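# Coordinate analysis (summary)
Residue-level listing of the chains:
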Amino acid sequence: MQHASPIQLLPPELQNQIAAGEVVERPASVVKELVENAIDAGATRIRVEIRDGGQSLIRVTDNGFGIPGKQLELALTRHATSKLSSIQDLMTMRSFGFRGEALPSIASVSRFKLASATTDGEGSCLEVVHGSIADKQPVAMQKGTDISVQELFANVPARLKFLKQTATEARKCSELILRMALANLQVDLELIQSDRTVFDFKAGQTLAERLSAFWPGSILERSLILPDNPHIRGLVGSPDVAQARPDRILFFVNKRPVQDKILLSAVREAYRGRILGKEYPQAVLFLDLPPDEIDVNVHPAKTEIRFQDESHVFRLVRSAVLSALDHAHAPAISVSHQQSTPSAATIHALPVAFAPSERIEPAAKESTASFAPIQYEKFAATKTVEALFDAPQSHATTAASPKQAQIAGTGTYLGQIAKTYLVLNTADGLVLVDQHAAHERVLFNTFRTTGRRGDRQPLLIPVEISVHPSQTTLLQDLWNELHGLGFSLELTSPTRVLLKATPTLLNAAQAKEYLEEVLAGQARSMTDLWAIMACKAAIKAGDELAADEALALLEAWQLLPDRHYCPHGRPVQIGWSNKELEKLFKRRT
Ligand code: ADP
Ligand code: MG
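Residues numbered from 1 in each chain as written. Chains lettered and ligands numbered in written order. Predicted model: local features only at pLDDT ≥ 70, side-chain atom pairs only at ≥ 80, totals over all residues. Heavy atoms only, no water.

## A look at the overall build of the protein
- Along its length, the protein carries 20 helices and 22 strands.
- Expressed as a percentage of the 589 residues in the protein, the buried residues total 49%.
- Pairs at least 24 residues apart make up 69% of the contacts formed inside the protein by residues separated by at least 6 positions.
- Of the roughly 28,000 Å² of accessible surface on the protein, a fraction of 52% belongs to carbon and sulfur atoms. (Helix = DSSP H or I, 4+ residues; strand = E, 2+ residues; numbered from the N terminus. Buried < 20%, exposed > 50% of the residue type's maximum accessible area, 1.4 Å probe, protein only. Contact = heavy atoms within 4.5 Å. Areas by Shrake-Rupley, 256 points an atom, 1.4 Å probe, with all protein chains shown as cover.)

This is the structure:
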């Protein structure tokens, strides 16, 4: 039998090498720690140089307040920090560092050189090899700190093996610098990779200017700035440039880049109904929260965070993003048609289904979107739905003359193409509206506003629908909602349902289709039920519309704040500004 070895305290180099396992995973983590230290030191100019993806050299030079020569050794001692002196301090921390682990960890797995000066002129330089001090000398240098890390992980072959290709590590470094550059607009930040300048960010640039080093112009031009809020700022992408992967979603909490599921789901929730379920938007969001409401001390690399009040943070993010999205689309198109006036008769032919007392307020917000692709003239008057549908003469009371009301805005309805798209000539360009999607949106919003539609239409001959026993529970869960919507159902056996009445908007066949979709698990909430109903009841692509029917639809649709997307998130309209048309025809470049 083997004897247990005696217990002994590990030598400091070994302790640091073990700690390095957590703090320094790869070259980019070294870059992160060194740049954070520079920012903590109040630097306004930071230069980062890397070679071979950071494996042969990482050098970070700053003009911060420096480290006194006498404290260089201390800076390299584990749990030595100038940023924290009691556990209470953690609650008020605004600096990036506080664990006092980074420098000793890095120095234990590399050839490390730390030169620093607290005034211009004389500084000191300490050289460390794999954690042991090798040399200390005075050096002439400007105020600031200059740290170089060579041969990273040369003494930790296991770690070396896990590094990716040089190009991958280099990309991780540049992504990290970009993130830090976005959060620290006040700092000049330069990245040089193998003698090539990758970034040269200047202090005072805007967020969008810095992002343009990484994001395509087509995305940035359409991005929407969040409205002023002391706790959250940033920008989000326009829903029509949503993408398949979540790789342009960046979160920062108190300037610290973080990855967080709550923040991600809040953003996705805000875009719900504007993009498809499988798509992701772009977002760069900076949260500023009181330090005592978050815990950053979850992981040594500090990329994870805990929020004291998760639901508060969720709501903060969702509502900020929502208001950016809503503001962007506030300007409305007013539609008109040269000859025809919507008449009550033709409009009733369209199942627009407003309750007579219902009002829909037009979006009354001002547009803050500086990059909105087309700026429509704002629809000024608050119209009620009766004014639009039941009492055409009331136009006369809200506008100077009935004719003017028709042509009050900037849009003129030109006609229908492919029996599917309504063509509008607006002051700023050409717009196509998908008639099915627009009608879906109108119906959906009506359901949402009225909550439920009580009107039902009894069927002379009830329709029998067979259900799988497993679907019966689902049906029972949704029973009240379905009845509220106007269905009348009777469960005659565990596998048979009798459809005895349908909502007035659906005929028997549509109602059957609707129930089948619901039973197939398409609906999990009332919102889903409305969306399916709106889809079933809306006019279809391929339905020919008379001019006044089209006009009535457009008028109802254009009053909705979220009219740009159908309830499934597909776009309702696409457009080309006059400028874009000129470009397409190569009249201008
Ligand atoms: P932490 O940042 O958690 O305090 P570090 O190991 O990163 O721990 O750094 C140790 C200490 O060294 C810091 O607390 C700070 O006083 C000093 N230091 C490190 N880098 C710099 C720098 N670039 N400029 C000035 N001081 C620095
Ligand atoms: Mg640090």
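## Looking at the sheet that holds strand β12 (residues 256-258)
- With mixed pairing, five strands are arranged side by side in an open sheet as β9-β10-β13-β11-β12. Bordering the open sheet on either side are β9 (224-225) and β12, each of which pairs with just one other strand.
- Against the sheet, helix α6 (residues 166-183) contacts β11 (249-253), β12 and β13 (283-287), and its axis sits at roughly 55° relative to β11. (Pairing = 2+ DSSP bridges. Axes fitted to C-alpha atoms, helices over the stretch in contact; angles between N-to-C directions.)

## Quick look at empty space enclosed by the protein
- Using the criterion set out here, one finds two cavities of 30 Å³ or more in the structure.
- Roughly 30 Å³ of volume is contained in the second largest cavity.
- Taken together, Leu289, Glu293, Phe307, Gln308, Asp309, His312 and Val313 make up the lining of the second largest cavity.
- Its residues assigned to classes, the lining of the second largest cavity comprises three nonpolar, two polar and two charged. (1 Å grid on protein atoms, 1.4 Å probe; cavity = no way out; pocket = protein on both sides within 12 Å on 5 of 7 lines; lining within 4 Å. Points joined across faces, edges and corners; volume = space filled by probe spheres on them. Nonpolar A, V, L, I, M, F, W, Y, C, P; charged D, E, K, R; others polar.)

## Considering the site of ligand 1
- With respect to spatial proximity, 20 residues lie near ligand 1, and among them Asn37, Thr81, Ser82, Lys83 and Gly100 are the closest.
- Between ligand 1 and the protein, one listed contact pairs an oxygen atom with a side-chain N or O atom of Ser82 at 2.5 Å.
- Thr145 places a side-chain nitrogen or oxygen 3.3 Å from a nitrogen atom of ligand 1.
- Burial of ligand 1 by the protein chains amounts to 94% of its free accessible area of 520 Å².
- Elements with a contribution of two residues or more to the shell around ligand 1: α2 (27-40) and α4 (102-108). (Near = heavy atom within 4 Å. Polar contact = N/O pair within 3.5 Å; in protein donor to acceptor, adjacent residues only side chain to side chain.)

## Digging into α6
- When the terminal C-alpha atoms of α6 are compared, their 26 Å separation across 18 residues agrees well with the 26 Å that a helix rising 1.5 Å per residue should span.
- Counting buried residues along α6, 13 of its 18 residues qualify, which places the element largely inside the surrounding structure. (Expected span 1.5 Å × (residues − 1).)

## Focus: the nonpolar core
- In terms of nonpolar packing, the biggest core is built from 58 residues, with Ile46, Val48, Phe112 and Val284 touching the most fellow members.
- In terms of residue count, α6 provides more of this core than any other element does, nine residues in total.
- Ignoring any residue separated from it by four or fewer positions in sequence, one finds Val284 in contact with Leu182, Leu207, Leu211, Trp215, Arg233, Gly234, Leu235, Leu250 and Phe252.
- Membership of the second largest hydrophobic core comes to 33 residues, among which are Leu224, Val267, Ile275 and Ala328. (Core = buried A, V, L, I, M, F, W, Y, C linked by side-chain atoms within 4.5 Å.)

## Re the packing of helix α16 (residues 469-485) against helix α17 (residues 508-522)
- For the pair α16 and α17, interaxial distance at closest approach is 9 Å and the crossing angle is 135°. Classified by the angle between their axes, α16 and α17 sit oblique to one another. In the crossing of α16 with α17, the sense of the turn from one axis to the other is right-handed. Of α17, the residues touching α16 (which contributes Gln471, Leu474, Leu475, Leu478, Leu482 and Leu485) are Tyr514, Leu515, Val518, Leu519, Ala520 and Gly521.
- When the residues that make up the contact of α16 with α17 are grouped by side-chain class, the tally is ten nonpolar, two polar and no charged. (Parallel < 35°, antiparallel > 145°, perpendicular 65-115°, else oblique. Left-handed = near helix turned anticlockwise from the far one by under 90°.)

## Quick notes on the sheet that holds strand β21 (residues 496-503)
- Pairing in this open sheet of three strands is antiparallel, and the strands run β19-β21-β20 from one edge to the other. The sheet terminates laterally at β19 (456-466) and β20 (488-493), the two strands that pair on one side only. Across this sheet, the average inter-strand angle for adjacent strands is 15°, counted without regard to direction.
- Note that β19 and β21 share seven bridges and pair antiparallel. Residue pairing across strands places Ile465 opposite Val497, the latter belonging to β21.

## Considerations on the environment of Pro230
- Its place among the elements puts Pro230 in the loop between β9 and β10 (232-236).
- For the pair Pro230 and Leu289, spaced 59 residues apart in sequence, the C-alpha separation works out to 9.1 Å.

## Considerations on the pattern of salt bridges
- For the structure shown, the criterion picks out 25 salt bridges.
- With a shortest N-O distance of 3.1 Å, Glu175 and Arg171 are connected by a salt bridge. You can see Glu175 and its partner Arg171 sitting in helix α6, four residues apart, about one turn around the helix.
- Assessed through its relative accessible area of 41%, Arg171 is described here as partly exposed. (Salt bridge = Lys/Arg side-chain N within 4 Å of Asp/Glu carboxyl O.)

## A closer look at helix α18 (residues 526-537)
- In this model, α18 (twelve residues) spans 16 Å end to end at C-alpha, consistent with the 16 Å of a helix rising 1.5 Å per residue.
- The element α18 is extensively covered by neighbouring structure, given that nine of its twelve residues are classed as buried.
- Among the residues of α18, those classed as buried are Asp528, Leu529, Trp530, Ala531, Ile532, Met533, Ala534, Lys536 and Ala537.
- Those residues of α18 that are buried lie in contact with α15 (435-450), α16, β21 and α17.

## A closer look at unusual backbone geometry
- Even without being glycine, Asp195 reaches a positive phi, approximately 70°.
- Along the chain, the position of Asp195 falls in the loop between β7 (188-193) and β8 (196-201).
- Asp195 sits in the exposed class, given a relative accessible area of 60%.
- In this model, Ala418 sits at a positive phi of 55°, which is unusual for a non-glycine residue.
- Counting through the fold element by element, Ala418 comes out in the loop between β16 (412-417) and β17 (421-426).

## Focus on the packing of aromatic side chains
- Per the stated rule, a full pass over the model turns up five aromatic pairs.
- Here the aromatic rings of Phe199 and Phe201 are separated by 4.9 Å at their centres, their planes lie at 25°, and the arrangement is stacked.
- What makes Phe199 buried here is its relative accessible area of 5%.
- Take Phe201: its relative accessible area is 4%, and that puts it in the buried class. (Phe/Tyr/Trp six-rings, centres within 6.5 Å; stacked < 30°, edge-to-face > 60°.)

## A few points about the pairing of β11
- For β11, the buried fraction is high: five of the five residues fall into the buried class.
- Side chains Ile249, Phe251 and Val253 project from β11 onto one buried face, and the interleaved Leu250 and Phe252 project onto a second face that is buried too.
- Bridge count for β11 against β13 is five bridges, and the pairing is parallel. In the strand pairing of β13, Ile249 is matched with Ala283.
- The pairing of β11 with β12 spans three bridges and is antiparallel. Within β12, the residue paired with Phe251 across the bridge is Val258.
- Taken together, β11 and the strand that follows it, β12, pair antiparallel across an intervening segment of two residues, in which Asn254 is found at a positive phi of about 45°.

Everything listed here is a matter of coordinates, which is why it stays silent on function.
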